[in-house]
Amino acid sequence: MGKKNHELAGAGVTLLLVLLMSMVNSGDSIGANWGTQASHPLPPATVVKLLKDNGIQKVKLFDAEANVLFAFRGSGIEVMVGIPNDMLATLSTSVDAAERWVEKNVSAHISSNSVLIKYVAVGNEPFLSTYNGTFLSSTLPALQNIQAALIKAGLGGRVKVTVPLNADVYEPSTQQPSTGDFRANIKDVMMQIVDFLSRNEAPFTVNIYPFISLYNDPNFPVDYAFFDGYSSPIEDNGKTYTNVFDANYDTLVWALQKNGYGNMTIIVGEIGWPTDGDRNANIGYAQRFNQGVMGHLGKGTPMRPGPVDAYLFSLVDEDAKSIQPGNFERHWGVFNFDGTVKYNLSLGSGNRGLVKASNIKYFPERWCVLSPTANLDDPQLVPSVEYACSHADCTSLGFGNSCADLDARGNVSYAFNSYYQTSDQLETACKFPNLSVITTTDPSRGTCRFKRMFQEPGKGNGGFLLEPVGVLLQMLVFMLAFL
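Starting afresh in each chain, residues are numbered from 1 along the sequence in its written order. Owing to the predicted nature of the model, reporting of local features is limited to residues with pLDDT of at least 70; listing and counting of side-chain atom pairs is limited to 80 or more, with chain, interface and lining totals taken over all residues. To obtain the side-chain values, all non-hydrogen atoms of the structure were used and water was disregarded.

Named according to an unreviewed UniProt entry, the protein chain is glucan endo-1,3-beta-D-glucosidase originating from Salvia splendens. UniProt positions are given in the numbering used here, feature names are shortened, and annotations may be inferred rather than shown by experiment. The Subcellular location (unreviewed entry) comment attached to the protein chain in UniProt states, word for word, "Cell membrane".

Written out as structure tokens, the structure is:
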């Protein structure tokens, strides 16, 4: 072979190695969930840069907003778009609706904007027991119609469907994962979904939350929720389990294997730990868990050694999420609401810490607090706090939370400021009668952070929850109630 041929062959081998390494890195890299249920969502372009700056190559969304997807154009970030549960009924009964959805939210962005959409998540944990079977009959038909629409659009081999499911769709009969199977009351529909996913070479997506195990059971062994050792490991057919993540994941592996789908691809759609809103939701535990996740996912589980495809939950805090499951729901982010770093976390090799969001412009250094002359016995105080917390986020207050050490006056100040910042520091949002005052001294103390809101590009002074006129009217109604 001549010198030129040797050079060409060498170049070909080098290119092949580069491609293989990129494939390996893509499979090993952690993804992130990005939710936008916030009073002041970070601009999509800011979030895309945040993802890239931190080496996050995959993102899971809960809807398919056009401005969000547009921000991912040419980014090279792999995207899982979501279909909310409230759309399942329509999509399950109308192929035309499914085709329109795919054209608008998938095809258009792939062809025109070069968005790397890889998955469509049909629903989000639709079989949660709290839904009382609402989506039991619509999930599979919606899944089938979206798949048919993708095939019709010529994307059947490029974009895969999946259904992010809560880990309670399967369960072991003992502590051993090998006793696992799908829940009896939903097994029929689960087997239909699994079979459909398998025939279309689509993954099974499951959300696994060791924190919830600890939250729901006060007797749950704390160390078993983490990855750094447990004194009473579970033995199962020669395999040892020292953490609940492995046990939970392998319970699913066994459930699939018992029903003839042992080789099915599994994605962990959500895994993470909140930093506030519960006594077990704190910075220390979150850092311990998520760093443990990063060190563990490359190893796999006893039943499935090797890299685990997973998405951290979540990227940033969402202060407008429902707190029906618990106050911790608004505090899952590895970043604060404004993209600042909560704690040291290395997402890959090199031990580099997280990089905060850039080009964030804040409102002036002003906070709304309880006036030094205000009386705690003022009859307007309690309804004022209730009003503030019903229009803003106060979930950091209370026993075991980051602001637990505040005294009564501090609690009131936190509530007032939360409302004031959510309302974009409008002067009228700090007009609680004879109670509130604006200060330029940051009232934060210890672990309790009094937020200062950032300004959203292209918006006026009005907040997300209440426009200026709305704030005036609401405050007027509030004050009139005491006349």
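Peer 1: Before we move on, can you summarise the state of the cysteines with the specific residues and values?
Peer 2: What we call a disulfide is simply a covalent bond connecting the sulfur atoms of a pair of cysteines. Sulfur atoms of two cysteines make up a disulfide when they are within 2.5 Å. Taken as a whole, this structure holds three disulfides when the rule is applied. Note on cysteine connectivity: Cys 368 is disulfide-linked to Cys 430, with sulfurs 2.1 Å apart. What sets the handedness of the Cys 368 and Cys 430 disulfide is the S-S torsion sign, and at about 85° it is right-handed. One end of the pair, Cys 368, is in strand 14 (residues 367–370); the other, Cys 430, is in the loop between helix 12 (408–422) and strand 15 (436–439), and 62 residues separate them in sequence. Exposure remark for Cys 368: the relative accessible area of 0% places this residue in the buried category. With a 1.4 Å probe rolled over the protein chains alone, any residue whose accessible area is under 20% of its type maximum counts as buried; one over 50% counts as exposed, and the rest are partly exposed. By relative accessible area, Cys 430 is classed as buried at 7%. Sulfur-sulfur distance for the disulfide between Cys 403 and Cys 448 comes to 2.0 Å. Between Cys 403 and Cys 448, the disulfide has an S-S torsion of 85° and is therefore right-handed. In this description a helix means any DSSP run of H or I spanning at least four residues, a strand means any run of E spanning at least two, and both kinds are numbered starting from the N terminus.

Peer 1: Can you explain the packing of aromatic side chains? Please cite residues and give values.
Peer 2: Ring pairs shown here join Phe, Tyr and Trp side chains whose ring centres sit within 6.5 Å, with only the six-membered ring taken for Trp; geometry is labelled stacked below 30 degrees between planes, edge-to-face above 60, and tilted in between. The final tally for this structure, using the stated rule, is 29 aromatic pairs. We call a charge positioned over a ring when the NZ of a Lys or the CZ of an Arg lies within 6 Å of the ring centre and within 35 degrees of the ring normal. Across from the ring centre of Tyr 311, 5.5 Å away, lies the NZ or CZ of Lys 58, which sits over that ring. In this structure, Lys 451 packs its charged tip against the face of Phe 337, placed 4.7 Å from the ring centre.

Peer 1: Outline the pattern of salt bridges, supporting the account with residue identities and numerical values.
Peer 2: Throughout this description, the term salt bridge denotes a Lys or Arg side-chain nitrogen within 4 Å of a carboxyl oxygen of Asp or Glu. As enumerated under the stated definition, the model contains 16 salt bridges in all. In this structure, the salt-bridge partner of Lys 187 is Asp 181, at a minimum N-O distance of 3.0 Å. Among the residues examined, Lys 187 registers a relative accessible area of 25% and is labelled partly exposed. When the shortest N-O distance is used, the salt bridge between Lys 321 and Glu 329 registers 2.8 Å. A single network of salt bridges, built from pairs that share partners, joins Asp 223, Asp 228 and Arg 288.

Peer 1: How would you sum up the packing of helix 5 (residues 95–113) against helix 6 (residues 139–152)? Please name residues and give values.
Peer 2: Running from amino to carboxyl end, helix 5 crosses helix 6 at an angle of 60°, the nearest separation of the two axes being 8 Å. Relative to helix 6, helix 5 is oriented oblique. In this structure, helix 5 meets helix 6 at a crossing whose hand is right-handed. Residues Val 95, Ala 98, Glu 99, Trp 101, Val 102 and Val 106 of helix 5 touch helix 6, and the partners they reach there are Asn 145, Ile 146, Ala 149, Leu 150 and Lys 152. Amino acids outside the nonpolar list (Ala, Val, Leu, Ile, Met, Phe, Trp, Tyr, Cys, Pro) and the charged list (Asp, Glu, Lys, Arg) are all regarded as polar, and Gly is one of them. Taken together, the residues of the contact of helix 5 with helix 6 break down into eight nonpolar, one polar and two charged. Lines fitted to the C-alpha atoms define the axes, with helices restricted to the stretch that makes contact. Angles between their N-to-C directions range from 0 to 180 degrees. Orientation is classified from the angle alone, with under 35 degrees giving roughly parallel, over 145 giving roughly antiparallel, 65 to 115 giving roughly perpendicular, and any other angle giving oblique. Whether a crossing is left-handed or right-handed is set by the direction in which the near helix is turned from the far one by less than a right angle, anticlockwise for left-handed and clockwise for right-handed. Residue contacts are counted whenever heavy atoms from the two residues lie within 4.5 Å of one another.

Peer 1: Pulling in residues and values, what's your account of empty space enclosed by the protein?
Peer 2: The distinction between a cavity and a pocket rests on a 1 Å grid over the protein atoms alone: a 1.4 Å probe fits inside a cavity but cannot get out, while a pocket stays open yet meets protein on both sides within 12 Å along at least five of seven lines, and a residue with an atom within 4 Å of a point counts as lining. Grid points are joined across faces, edges and corners, and a volume is the space filled by probe spheres set on the points. On inspection of all chains with the given rule, the structure shows one cavity of 30 Å³ or more. Here the largest cavity defines a volume of roughly 50 Å³. Lining the largest cavity, in full, are Trp 34, Gly 35, Thr 36, Ala 38, His 40, Pro 41, Leu 42, Val 316, Asp 317 and Phe 337. Partitioning the lining of the largest cavity into residue classes produces six nonpolar, three polar and one charged.

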